Amino acid sequence: MDYSEIAPIMRTLWSPLAAVTSHWQGKDNVQIAVAISAASIVPDRPRVVVQLYKTNLSHSMVLSSGALALNFLKPDQTNLIGDFGLISGRDQDKLNGVAKTKGASGSPVLDECFGYLDCKVINAMDAGDMTCFLAEVIKGEALADGKPLWWQDARRQLPSEWLERWEIKQSSEVAASRATMDQVTLESWQPVLINRSSFHSGKELG
Ligand SMILES: Cc1cc2nc3c(=O)[nH]c(=O)nc-3n(C[C@H](O)[C@H](O)[C@H](O)COP(=O)(O)O)c2cc1C
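Residues numbered from 1 in each chain as written. Predicted model: local features only at pLDDT ≥ 70, side-chain atom pairs only at ≥ 80, totals over all residues.

1. Looking at the overall build of the protein chain
Helices and strands together make up the secondary structure of the protein chain, namely five helices and nine strands. Ordered by position from the N terminus, the helices and strands of the protein chain form the series α-β-β-β-β-α-β-α-β-β-β-β-α-α. Along the longest, intermediate and shortest principal axes, the C-alpha atoms of the protein chain span 45 × 40 × 40 Å. Expressed as a percentage of the 206 residues in the protein chain, the buried residues total 34%. Pairs at least 24 residues apart make up 68% of the contacts formed inside the protein chain by residues separated by at least 6 positions. (Helix = DSSP H or I, 4+ residues; strand = E, 2+ residues; numbered from the N terminus. Buried ≥ 20, exposed ≤ 12 C-beta atoms within 10 Å, placed from the backbone. Contact = placed C-beta atoms within 7 Å.)

2. A closer look at the sheet that holds strand β2 (residues 27–33)
The seven strands lie next to each other as β2-β1-β5-β8-β9-β4-β3, forming an open sheet whose pairing is antiparallel. Because the sheet does not close on itself, it has two edges, and the strands there are β2 and β3 (36–38). Between one strand axis and the next, the sheet turns through 30 degrees on average, direction left out of account. Two elements, strand β1 (residues 18–24) and β2, share seven bridges in a ladder whose sense is antiparallel. Bridge pairing links A19 to I32 in β2. Strands in contact with helix α2 (residues 57–65) are β1, β2, β4 (47–53), β5 (67–72), β8 (115–126) and β9 (130–142); relative to β1, the strand with the most contacts, it is inclined by about 55 degrees. (Pairing = 2+ DSSP bridges. Axes fitted to C-alpha atoms, helices over the stretch in contact; angles between N-to-C directions.)

3. Examining the confidence of the model for the protein chain
In the predicted model, the protein chain carries a mean pLDDT of 92, and 91% of its residues have values of at least 70. A low-confidence stretch, residues 193–206 (pLDDT under 50), is modelled with 25 contacts involving residues beyond four sequence positions or located in other chains. (pLDDT = per-residue confidence, 0-100.)

4. Here's the deal with the site of the ligand
Within the structure, the ligand sits among 20 residues, and A35, S58, G85, S88 and G89 are positioned closest to it. Those elements giving two or more residues to the shell around the ligand turn out to be β2, β4, α2 and α3 (79–85). (Near = placed C-beta within 6 Å.)

5. Here we look at the environment of C113
Along the polypeptide, C113 turns up in the loop between β7 (108–110) and β8. For C113, a count of 25 C-beta atoms within 10 Å gives the class buried. When the C-alpha positions of C113 and F72 are compared, they lie 5.9 Å apart, and in sequence the two are 41 residues distant. Ignoring sequence-local partners within four residues, the contact set of C113 consists of A19, N71, F72, L73, K74 and L143.

Right under this line is the structure:
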């Protein structure tokens, strides 16, 4: 299949940029994600689906804690894309010096953002290279007017050095995904604290 035929459709499916925060065993972490969608039509029972790659430290932390918070970025927060999305929490404490408070789920919530959704994971589907986490929103707030930050707009403003790092990182992640995306485990998900062995977990917390 020629991807360029469907690219105009596919690029509309990414969400606004979110800083996905998590907490596990005394450590806070954050990563950038755009693979997020609404997953409930019941206004008083909001749910989201969040797709996290298994190679990310955040994946292990969300799998272990069963919690995450989505902090959607404001248009003037493009600097956080490099800080949170091009570096792993394995190499750096990315939330050091970032103003935050502990959310109801236990995940940190950023004081400065477009708005946040604090969530508890209720189910998960293995997709080989990543996990689709179904989560219920237990608390949330819109903190700014206007619109959130979208990747299509943000990438036009990023320094060329960041875009080069993004392209290199993305190429190796696409290769890793290609190698693992068919290795789907069809067992049902269990919260990791009850039965960790039934699911692919990250090596450092598994
Ligand atoms: C624009 C952008 C969008 C991204 N979208 C996702 C995503 O939807 N899901 C995901 O798991 N990683 C996504 N990433 C990659 C992670 O943010 C990145 O690998 C991060 O360094 C992982 O950090 P961690 O190892 O501390 O968890 C994205 C990165 C960028 C820059």
